[in-house]
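For reference, the chains in residue letters:
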Amino acid sequence: MSLELLGGRILAPWFGSSIYVWGSIITVFMLSLSVGYFIGGRLSLHSPSLAKFGCMFLLAAAILVPVIYLAEPVMVWVFDRIEDPRYGSLAASLALFVAPTVVLGTISPYSVRLLVRHKEESGKVAGTLYFVSTLGSALGTLATSFYFVLWFEMDTIVAVLAGILLLLGALGIGCRGLDRHA
């Protein structure tokens, strides 16, 4: 959710912050997450492990970092070609946010697979995971929108998000000895 909110800040100087811009951002994130959920579910069927899970976080961080450096050139390139805020914001959102959001979307279904021990508990595990995930998203949304954007540059926030993903990825890989799936 933090990245989605920052997407609005990244696009605003070029396309404004109208309903079209937010509609583009939300659509791109929802479609990207749905693709990521599908891929993550498929990946979870093939020898799931904490090490592979950690690699998902590392990949997400690696794909997120370029947003810091590409946001301005992408915005210039898109705006020079598509001034209409509806289609320009959609094109810019697609260019900047599809890849990291698809990778981030793989994490939830893979998490469910790693946490489910017996199929009878799958609903409880999924419900708990989505509760924690949604609560974290709500807190991240408030923290980003109420504080982080006031205290830090957008590039710094994105870099910190990537750093957290790197840390979690390293933790997942480092804890592979605890992996009951390996």
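These lines cover the structure that appears in this document, whether it is placed above or below. None of the values given here were measured: they were computed from a predicted structure. (Residues numbered from 1 in each chain as written. Predicted model: local features only at pLDDT ≥ 70, side-chain atom pairs only at ≥ 80, totals over all residues. Heavy atoms only, no water.)

On to the layout of surface pockets, then. Approximately 1000 Å³ is the volume found for the largest pocket. Around the largest pocket, the lining comprises 28 residues; the ones closest to its centre are Met1, Leu104, Ser133, Gly136 and Ser137. Of all the elements in the fold, those that place two or more residues in the lining of the largest pocket are helix H1 (2-15), helix H2 (19-43), helix H3 (50-81), helix H4 (85-115), helix H5 (122-151) and helix H6 (154-174). The element best represented in the lining of the largest pocket is H5, accounting for eight residues. By residue class, the composition of the lining of the largest pocket is 17 nonpolar, 10 polar and one charged. (1 Å grid on protein atoms, 1.4 Å probe; cavity = no way out; pocket = protein on both sides within 12 Å on 5 of 7 lines; lining within 4 Å. Points joined across faces, edges and corners; volume = space filled by probe spheres on them. Helix = DSSP H or I, 4+ residues; strand = E, 2+ residues; numbered from the N terminus. Nonpolar A, V, L, I, M, F, W, Y, C, P; charged D, E, K, R; others polar.)

It is at 10 Å that the axes of H1 and H2 come closest, and there the two elements cross at 140 degrees. For the element pair H1 / H2, the angle class is oblique. Helix-helix and strand crossings are classified by hand; for H1 and H2 the assignment is right-handed. On H2, the residues touching Leu3, Glu4, Leu5, Gly7, Gly8, Leu11 and Phe15 of H1 are Val21, Trp22, Ile25, Ile26 and Phe29. For the contact of H1 with H2, a count of residues per class yields nine nonpolar, two polar and one charged. (Axes fitted to C-alpha atoms, helices over the stretch in contact; angles between N-to-C directions. Parallel < 35°, antiparallel > 145°, perpendicular 65-115°, else oblique. Left-handed = near helix turned anticlockwise from the far one by under 90°. Contact = heavy atoms within 4.5 Å.)

Further remarks concern H3. With 32 residues, H3 extends 44 Å between its outermost C-alpha atoms, agreeing within 8% with the 46 Å of an ideal straight helix rising 1.5 Å per residue. The principal kink in H3, of about 55 degrees, is found at Leu70, preceding the proline Pro73 by one to four residues. (Expected span 1.5 Å × (residues − 1). Bend = angle between axes of the 7 residues up to and from the residue.)

Our next topic: the pattern of salt bridges. A complete count under the given rule lists one salt bridge for this structure. Between Asp84 and Arg86 there is a salt bridge; the shortest N-O distance is 2.7 Å. Judged by its relative accessible area of 27%, Asp84 is partly exposed. Classification of Arg86 by relative accessible area gives partly exposed; the value is 36%. (Salt bridge = Lys/Arg side-chain N within 4 Å of Asp/Glu carboxyl O. Buried < 20%, exposed > 50% of the residue type's maximum accessible area, 1.4 Å probe, protein only.)

This part takes up the packing of aromatic side chains. Any aromatic ring pair is given by two values, namely how distant the centres are and how the planes are angled relative to each other. Evaluation of the coordinates by the stated rule reveals nine aromatic pairs. Here the aromatic rings of Phe53 and Tyr110 are separated by 5.9 Å at their centres, their planes lie at 5 degrees, and the arrangement is stacked. With Phe53 in helix H3 and Tyr110 in helix H4, the pair connects residues that are 57 residues apart, well separated along the chain. This pair shows no difference in class: Phe53 is buried, exactly as Tyr110 is. Each member of the aromatic cluster is reached from another via a ring pair, and the members are Phe146, Tyr147, Phe148, Trp151 and Phe152. The cationic tip of Arg86 hangs over the ring face of Tyr20; the distance from NZ or CZ to the ring centre is 5.9 Å. (Phe/Tyr/Trp six-rings, centres within 6.5 Å; stacked < 30°, edge-to-face > 60°. Lys NZ or Arg CZ within 6 Å of the ring centre and 35° of its normal.)

Unlike most non-glycine residues, Ser47 shows phi in positive territory, near 50 degrees. The topology assignment puts Ser47 in the loop between H2 and H3.

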